[in-house]
Amino acid sequence: MRQLAGNMSVLLVLLLALSCCCVGQEPNGATAVPKLPETNSGTDEKLASPRRAQEFKFTKVDFELLKQADAFDTYVEEKGWVYNDPATNAYLDELGSSLVPSETPENVKWRFRTIRDLEVNAFALPNGTIYVNSGLLSRMESEAQVAGVLAHEVTHVVNRHGYLENRSARKKMVAIDVVEVAARAAGYAGVNLAIVNAVGNLLPMIVVSTMFGYSRELEHEADVYAVNALQLRGYDLREFSRGFELLRKGPEVDLSKEPVFWASHPKLADRVKYVASKAAQLQPDVTSLRIGEAGYRVATKSAIRNNANLALMLGRPRTAAATAQRLIAEEPNNADNLALLGDAYRNLGARTPIPLDEELTDEAKKEARKHIRKMTMVEYDKALLANAHGAERWEANAALSEETYRKALAMDPNNANSHRGLGFLYERKDQHTTATEEFKKYLELAPEAKDARQIKVHIEALEKAAPTAAPVPEHP
Amino acid sequence: MRVKVSLVAAMVLLWSIQALAQFEHPDLKSGKKRVHSILFMPAQVRLIKVGMKGAESMTEESRQTELDLSSVIGTVLQQLGYKVDQEALAPAVLDKDSDLRYTVDDLQKKFDDELRRMGRKAKDVRKGRFTLGDEVTKLPAGEGVDALLFVRASGEVLTGGKKAFGYLVTGQIFDMAIMQFGVVDAKNGDVLYFARPLAFRNLAKDSEKTERVVKKSFKNFAKASPAEAASAKK
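Everything quoted here is computed from the prediction, not taken from an experiment.

Asks: Would you take a moment to explain a positive patch on the surface for this structure?
Replies: Together, A:Lys374, B:Lys29, B:Arg120, B:Lys121, B:Lys123, B:Arg126, B:Arg212, B:Lys216, B:Lys219 and B:Lys223 line one region of the surface with positive charge. Elements with a minimum of two residues in the positive patch: helix H7 (207-217) and helix H8 (219-223) of chain B. Along the chain, B:Lys123 turns up in the loop between helix H5 (98-120) and strand E6 (147-158).

What follows is the structure, encoded as structure tokens:
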């Protein structure tokens, strides 16, 4: 029976996944989307509540889910998963608030939050909290793109998709297995599924839909609303479509088997088509449309930087490199951004900054998945280094890293992070004396640094070791 | 029916044997590394209630269990002569310091990442294979301690209906909780000790029984405890 339940749940997950694939087609009269005035200028015009929101009647089960969602909000806050940067919060709140309907639905309190997670995803809880992963913020390039994501998620709240899915899931006894299967399906190498697992455990009934997508009809409904909302607020719809494209092209090799909704390739392809067709139809003149690149970058840079550091820590240096390059494009004269890029190059080890074609084959992905599942981060790095061209690639990355740190120091000779990075680089290259000097400079410049104790341990080890001794293992 | 019950029983037995296993770092076993003081990282407990209509979260109960379980472990370790610090990273402290909260979360993430591999091949802890890296030294509260303790637990609490259904059909008739305890060197991040006890009950209730399970799961760790060392000297 358990096995049967497991099989059924696999089937259910597959059905859910398949059902989300063809969102480019208009379902026949099934959607409950408001008719919004078609305008291409940013106006204060109010967004109307969709029909379904007005018709929805709360039951005991819904109140229970609402309570769980509220508890989840408190839980993630306490655990430090929410990134509480005032600038990012204020920006998301303002942007999100401009996209919600004028009438706040019953039992909804709008909150827009960043969650510290590398996955490119966003999800909405039925109580009105919308979480945008820092991974998604890092991938997006403009306000219009994020506005599309938020407006889409707003629809899930307004149209009570969470409650509807919850009611429907309760009819299926296998719900708990669905959670397991969904988490297992995506739980692969390099994929940090802390949030998926947490939602799975804390809000089990709606995990599949919030993380992996609702039914085709509901997702389409959300896209239709998003398109209308963006149109009403004067955002360029092409940006929404371009946002989808950006989600498809990540800097890492995608090793997940069932990607979370916003990173789900086949579904995205259809959605790109839909939004592009709407853009052509509704916005023939693009001259006065809003994109909001500069404002977006400034407001979210702290969250993006935090995401890059998270990527470095969790063994995704390619993500860190791509993110650092974005930060540099925004602030070319910021030495810390260059130091971050130097860190990313250093941590690439024997990887190329951008995945090679040979890494993108199914066979190579399967192999990589196996290795990452079995090997620790240090072991995997060593294995890559032992591959053909491994040493050569490391040399190239080390050179790039050094050059970048030097550039940062030319810009600001007192840039502590560059000295720290050089310390680690020279330590890895067995240049103990230079490494020690760089570490000492770092401590001089940043005596109160969070990692001062870590650096002191390295200095101590370097001073004890003979110049020819094996390098101290590096943990960036 | 009988075959099904036997099968479930056999699986439970196998699982229990595996769950009783404890894994020590070679340096801890050999006595090269001694642990005297332990800093508690905030525990992470996830309990869900499973009924005939699916699963529901038990967020409040999970939160309370995090505190209760930490307290039980603290008592057990103190009895073994370890100096434990459960206050440095208490919720009230983290509420006031978001930087510290992020640092703690980063280390928790790092532990979870390593846990995936430890779960697959826990016996490699005995080879000293797993480490969180010396990033653990970024934790200011970790400066004066020898080790950090990570606690994970997840459990299913079955409703009466689900248990009845289990008797008749699926064979799953107990509440269940899997715990994972990892003791990590506060200086270099090496995983010194790992245990994953199993409890066939609701973890949110009856902390006395939990204490027994916890005690058993630290049996091998007790061999390297200050209390043991003191009695050996005598």
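Asks: I would appreciate a short explanation of the sheet that holds strand E2 (residues 111-115) of chain A in the present structure.
Replies: What holds strands together in a sheet is hydrogen bonding between their backbones, with the strands either parallel or antiparallel. Residues and elements named next belong to chain A. Pairing in this open sheet of four strands is mixed, and the strands run E1-E2-E4-E3 from one edge to the other. One side of each edge strand has no neighbouring strand; the edge strands of this open sheet are strand E1 (82-83) and strand E3 (122-124). Across two bridges, the pairing between E1 and E2 is antiparallel. Paired with Tyr83 across the bridge in E2 is Thr114. Contacting E1, E2, E3 and strand E4 (129-133), helix H3 (residues 60-78) crosses the sheet at an angle of about 40 degrees to E4.

Asks: Just to check I follow, could you spell out the packing of helix H14 (residues 293-313) of chain A against helix H15 (residues 317-330) of chain A for this structure?
Replies: Relative placement of two packed helices is described by the angle separating their axes and the distance separating the axes. Residues and elements named next belong to chain A. As a packed pair, H14 and H15 sit with axes 9 Å apart at the nearest point and diverge in direction by 150 degrees. Relative to H15, the element H14 lies roughly antiparallel. As for how H14 packs across H15, the hand of that crossing is left-handed. In this structure, H14 contributes Ala294, Tyr296, Arg297, Val298, Lys301, Ile304, Arg305, Asn307, Ala308, Ala311 and Leu312 to the contact, and H15 contributes Pro317, Thr319, Ala320, Thr323, Arg326, Leu327, Ala329 and Glu330.

Asks: I would appreciate a short explanation of unusual backbone geometry in the present structure.
Replies: Most peptide bonds adopt trans geometry, and most residues besides glycine take a negative phi value. All names here are of chain A. In this structure, Asn107 is a non-glycine residue whose phi angle is positive, near 60 degrees. For Asn107, the location among the structural elements is in the loop between helix H4 (86-97) and E2. Overall, the relative accessible area of 29% leaves Asn107 in the partly exposed class. Positive phi, close to 60 degrees, is recorded for Arg160, a residue that is not glycine. Within the element layout of this structure, Arg160 appears in the loop between helix H6 (143-158) and helix H7 (161-170).

Asks: Sorry, what's going on with the packing of helix H16 (residues 335-348) of chain A against helix H19 (residues 390-411) of chain A here?
Replies: Residue and element names in this part refer to chain A. Following both chains from N to C, one finds H16 and H19 inclined at 165 degrees, their axes separated by 8 Å at the closest point. Relative to H19, the element H16 is oriented roughly antiparallel. When the axes of H16 and H19 are compared, the crossing they make is left-handed. Contacts from Ala335, Leu338, Ala339, Leu341, Gly342, Asp343, Tyr345, Arg346 and Leu348 of H16 reach H19 at Trp394, Asn397, Leu400, Ser401, Thr404, Tyr405, Lys407, Ala408 and Met411. Among the residues making up the contact of H16 with H19, the classes are represented as eleven nonpolar, four polar and three charged.

Asks: I tried to follow the nonpolar core on my own but got confused; where do I start?
Replies: Generally speaking, a soluble globular protein has its nonpolar side chains buried in company with each other. By size, the foremost hydrophobic cluster in this structure holds 48 residues, and its most contacted members are A:Trp110 and A:Leu150. Here this core takes nine residues from H6(A), the largest share from any one element. Excluding residues within four positions of it along the chain, A:Trp110 makes contact with A:Val100, A:Pro101, A:Thr104, A:Pro105, A:Gly128, A:Ile130, A:Val154, A:Val157 and A:Val158. Counting 36 residues, the second-largest nonpolar core is a separate cluster that includes B:Leu77, B:Tyr82, B:Val151 and B:Ala153.

Asks: Please explain the pattern of salt bridges as it appears in this structure.
Replies: For side chains bearing opposite charge, pairing can occur when the charged atoms are close. Residue and element names in this part refer to chain A. A full pass over the atoms with the stated rule returns 36 salt bridges over all chains. A salt bridge links Arg242 to Glu239; the nearest nitrogen and oxygen atoms lie 3.2 Å apart. Taken together, the residues span about one helical turn, with Arg242 and Glu239 both in helix H12 (residues 237-248) at a distance of three residues. Glu367 serves as the salt-bridge partner of Lys370, at 3.9 Å between the closest nitrogen and oxygen. Residue Lys370 and its partner Glu367 are located together in helix H17 (residues 362-374), separated by three residues, close to a single helical turn. The exposure class of Lys370 is partly exposed, given its relative accessible area of 34%.

Asks: Please explain the pairing of E2(A) as it appears in this structure.
Replies: In regular strands, side chains alternate between the two faces of the sheet. All names here are of chain A. For E2, the tally of buried residues reaches four of five residues, placing the bulk of the element in the interior. The pairing of E2 with E4 spans five bridges and is classified as parallel. Paired with Arg111 across the strands is Thr129, a residue of E4.

Asks: What's the story with H7(A) in this structure? I'm lost.
Replies: Counting along an α-helix, one turn takes 3.6 residues, and residues three or four places apart therefore face a common direction. Counting buried residues in H7(A) gives seven out of ten residues, a clear majority hidden from the surface. Among all positions in H7(A), only A:His161, A:Gly162, A:Tyr163, A:Glu165, A:Asn166, A:Ala169 and A:Arg170 are buried.

Asks: Explain H3(A) to me, please; I cannot follow it from the model alone.
Replies: All names here are of chain A. The end-to-end C-alpha separation of H3 is 27 Å, in line with the 27 Å expected for 19 residues at 1.5 Å each. Among the residues of H3, Asp62, Leu65, Leu66, Gln68, Ala69, Ala71, Phe72, Asp73, Tyr75 and Val76 are the ones counted as buried. Immediately beyond the C-terminal end of H3, within one or two residues, lies Gly80, with a positive phi of roughly 80 degrees.

About the cut-offs
Residues numbered from 1 in each chain as written. Chains lettered and ligands numbered in written order. Predicted model: local features only at pLDDT ≥ 70, side-chain atom pairs only at ≥ 80, totals over all residues. Heavy atoms only, no water. Patch = residues over 30% accessible without salt bridge, like charges linked within 9 Å, V, L, I, M, F, W, Y side chains within 5 Å. Areas by Shrake-Rupley, 256 points an atom, 1.4 Å probe, with all protein chains shown as cover. Salt bridge = Lys/Arg side-chain N within 4 Å of Asp/Glu carboxyl O. Lys, Arg positive; Asp, Glu negative; His and termini not counted. Charge placed at Lys NZ, Arg CZ, Asp CG, Glu CD. Helix = DSSP H or I, 4+ residues; strand = E, 2+ residues; numbered from the N terminus. Pairing = 2+ DSSP bridges. Contact = heavy atoms within 4.5 Å. Axes fitted to C-alpha atoms, helices over the stretch in contact; angles between N-to-C directions. Parallel < 35°, antiparallel > 145°, perpendicular 65-115°, else oblique. Left-handed = near helix turned anticlockwise from the far one by under 90°. Buried < 20%, exposed > 50% of the residue type's maximum accessible area, 1.4 Å probe, protein only. Nonpolar A, V, L, I, M, F, W, Y, C, P; charged D, E, K, R; others polar. Core = buried A, V, L, I, M, F, W, Y, C linked by side-chain atoms within 4.5 Å. Expected span 1.5 Å × (residues − 1).

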